[in-house]
Every structure is written in C-alpha cells, then in structure tokens.
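# Secondary and tertiary structure notes
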Amino acid sequence: MEKVRLLELIDVDILQKIQDGFSEYTGMAALITDADGVPLTKGSGFTDFCKELVRKSEAGSRRCEACDRDGAIKAWRRGEISVYQCHAGLTDYAAPIMVQDKIMGSFIGGQVRTSQLDMEKMRENAREIGIDPESYVEAIQKTNVLKREDVERAAVFLSKISEALSAIAYHSFVMIKESRQAERAARSQSDFVMNLSLHMKQNMEEWMAHAGDLIEQVDM
C-alpha cells in the first residue's frame with residue numbers, strides 16, 4: 001500500500017463535524033487520532049480532568065496517545081469494539097479507521113467512569129506523571145458516571161461510524177492511487193518523447209557530420 005495519511009483521504013473539517021456530532025449525541029468525549037495516537041482533531045466534550053490536567057502533562061499526554069493507539073489496535077485484532085480503562089483511570093472505547101488492512105487512525109470515545117475507582121491507585125497515577133495527587137483525585141471525581149451497558153451501546157455506534165469513515169477513506173485512497181498512476185504514466189510518456197527527441201537530434205547531428213565528410217571527399 002502506498003504511504004498516505006488519513007488527512008489526505010478525509011478532510012479534517014469533515015472528521016471534526018462527525019466527531020462533534022457523536023459527542024453531542026452520546027454526551028461523551030470523542031477524538032480522532034492518526035495511526036500513532038496523535039490527535040488530528042480538537043477534542044469534543046472533553047472533561048476538565050483530561051483536557052486541563054492529564055493531557056497538559058507531558059508524560060500524561062504520551063500515555064494518552066499510547067492508550068488511544070493500543071485501543072484501536074485491540075479492536076482491530078479482536079474484530080470488535082474495544083472498551084477499556086485508560087491509563088488515567090477512566091473508561092474509553094476505540095475503533096480503527098482502516099484502509100486495506102492498515103490502520104490509518106483511531107476514533108476514540110469515553111472519558112467516563114463505570115465503577116468505583118481506587119483513589120490510592122489514582123494518587124499513584126498522578127505522581128507517576130507529575131501531577132498533584134489531590135488535584136488529580138478531585139478532578140477525576142467530577143467526571144460523569146455511566147452504566148457499562150450505556151458505554152457499550154455508544155461504543156457500538158462509534159464502531160459503525162468508523163466503518164463508514166473507513167469506506168470513505170478507501171474510496172479516496174483508490175482515487176489518489178489512480179491519479180498517481182496516471183501521473184506516473186504521463187511522466188513516463190513525457191520522458192519517452194524527450195529521450196526520443198534527444199536520440200533523433202543526436203542521430204541527425206551524426207548524420208549531418210557524416211554527410212559533411214562525404215561532401216568534402218567528393219569536392220577533393
């Protein structure tokens with residue numbers, strides 16, 4: 001498969017509108033990343049805990065990217081939506097955006113709690129990523145609590161959207177591939193014509209030089 005990025009296949013404004021709509025409908029946070037977990041869109045419905053605390057920590061941001069990437073990979077390997085607890089303690093879910101069995105990006109949702117959290121474990125998480133433990137605990141306790149089944153229903157909805165995005169991405173990929181092939185063919189034809197012209201010019205110059213020699217011999 002030719003190297004191509006998700007934003008070459010789907011405009012970022014389209015991704016943002018779809019993501020915003022999903023977040024508004026479900027009441028949960030959403031984000032679309034590239035294949036490495038790096039955000040491509042602006043987070044929709046993000047909690048203050050994630051946006052203002054965890055992701056503003058360099059170590060926390062790296063862990064978020066790893067979670068986003070790994071969640072989509074798990075969904076791809078299992079062939080079903082992946083619902084998991086992120087490194088920070090919240091419940092997330094992810095689905096991959098695919099083109100020809102290659103992960104182009106991830107659609108992530110969640111940032112909610114589905115069960116009681118071990119606050120001592122949360123304090124330990126905070127210390128590991130350089131955040132004040134009490135601020136961490138206070139912020140995470142303000143996140144929404146939802147039933148697991150409600151999260152799973154939203155996750156299934158997200159997976160359907162990801163399938164649609166994958167279909168759009170594949171269609172764009174085919175168009176780009178055909179365009180590049182046509183461009184290479186045109187370039188190849190142009191190179192052939194230029195080489196032919198150069199070859200003909202060289203042959204003509206050699207013929208003229210040879211003809212000149214013959215004329216000189218006749219004159220003698």
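Structure's up top.
Residues numbered from 1 in each chain as written. Predicted model: local features only at pLDDT ≥ 70, side-chain atom pairs only at ≥ 80, totals over all residues. Heavy atoms only, no water.

## Examining helix H6 (residues 133–140)
Where H6 is concerned, the buried positions are Pro133, Tyr136, Val137, Ala139 and Ile140. The buried residues of H6 occupy one face: seen down the axis, they fall within an arc of 165°. The elements touched by buried residues of H6 are helix H3 (48–54) and helix H5 (119–128). (Buried < 20%, exposed > 50% of the residue type's maximum accessible area, 1.4 Å probe, protein only. Helix = DSSP H or I, 4+ residues; strand = E, 2+ residues; numbered from the N terminus. Arc of directions from axis to C-beta. Contact = heavy atoms within 4.5 Å.)

## With respect to the packing of aromatic side chains
Each pair of aromatic rings is reported with the distance of its centres and the angle of its planes. What the rule picks out here adds up to five aromatic pairs. With 5.6 Å between their ring centres and 35° between their planes, Phe22 and Phe157 make a pair best called tilted. Taken as a pair, Phe22 in helix H2 (residues 12–26) and Phe157 in helix H7 (residues 148–219) lie far apart in primary sequence, 135 residues in all. On the basis of relative accessibility, which here comes to 33%, the residue Phe157 falls in the partly exposed class. Here the aromatic cluster, defined as three or more aromatic residues joined through ring pairs, consists of Phe22, Tyr25, Tyr93, Phe107 and Phe157. (Phe/Tyr/Trp six-rings, centres within 6.5 Å; stacked < 30°, edge-to-face > 60°.)

## As for the nonpolar core
Residues Leu6, Leu9, Tyr93, Phe107 and Leu165 are the most contacted members of the largest nonpolar core, which totals 25 residues. Within the residue set of this core, elements represented by two or more residues are helix H1 (6–9), H2, strand S1 (29–34), strand S3 (91–99), strand S4 (102–112) and H7. The biggest single contributor to this core is H7, with eight residues. Setting aside residues up to four positions removed in sequence, Leu9 forms contacts with Val4, Val99, Met104, Ala169, Ser172, Phe173 and Ile176. In terms of nonpolar packing, the next biggest core, distinct from the first, is built from 19 residues, Ala59, Ile129, Tyr136 and Val137 among them. (Core = buried A, V, L, I, M, F, W, Y, C linked by side-chain atoms within 4.5 Å.)

## A few points about the sheet that holds S4
Reading across from one edge, S1-S4-S3-S2 is the order of the four strands in this open sheet, with antiparallel pairing throughout. Where the open sheet ends on each side, the last strands, each with one partner, are S1 and strand S2 (82–85). Geometrically, the sheet is characterised by an average inter-axis angle of 25° between neighbouring strands, direction not taken into account. Note: S2 against S3, four bridges, orientation antiparallel. Residue pairing across strands places Tyr84 opposite Asp92, the latter belonging to S3. Packing of H2 onto the sheet brings it into contact with S1, S3 and S4, and relative to S1 it is tilted by some 150°. Against the sheet, helix H4 (residues 58–78) makes contact with S1, S2, S3 and S4, and its axis sits at roughly 65° relative to S3, the strand it touches most. (Pairing = 2+ DSSP bridges. Axes fitted to C-alpha atoms, helices over the stretch in contact; angles between N-to-C directions.)

## Some remarks on the environment of Leu53
With respect to the element layout, Leu53 can be found in helix H3. Discounting residues that sit within four places of it in the chain, Leu53 has contacts with Asp48, Ile131, Ser135, Tyr136 and Ala139.

## Considering H4
In a regular helix each residue adds 1.5 Å, so 21 residues correspond to 30 Å; H4 covers 30 Å between its end C-alpha atoms and thus fits that length. Among the residues of H4, Ala59, Gly60, Cys64, Cys67, Asp68, Gly71, Ala72 and Ala75 are the ones counted as buried. Where H4 is buried, its residues meet S1, H3, S2, S3 and S4. (Expected span 1.5 Å × (residues − 1).)

## What about the pairing of S4?
The buried fraction of S4 amounts to ten of the eleven residues, a majority that puts the element mostly inside the structure. In the sheet, S1 pairs with S4 via six bridges, with the strands oriented antiparallel. Each bridged residue has a counterpart across the sheet, and for Leu31 the counterpart in S4 is Ile108. Taken together, the nine bridges between S3 and S4 define a ladder with antiparallel strand orientation. Counted as the bridge partner of Met98 is Ile103 from S4.

## Notes on the environment of Phe157
Separated by 131 residues in sequence, Phe157 and Thr26 place their C-alpha atoms 9.4 Å apart. Apart from the residues within four sequence positions on either side, Phe157 is in contact with Phe22, Tyr25 and Thr26.

## Some words on the pairing of S3
Of all nine residues making up S3, nine are buried, and the element is well covered by its neighbours. Along S3, one buried face is formed by Thr91, Tyr93, Ala95, Ile97 and Val99 and the opposite face, lined by Asp92, Ala94, Pro96 and Met98, is buried too. The hairpin turn running from S2 into S3, its antiparallel successor, is five residues long, and Gly89 in that turn takes a positive phi close to 110°. Between S3 and S4, which pair antiparallel in sequence order, lie two residues; one of them, Gln100, sits at a positive phi of approximately 50°.

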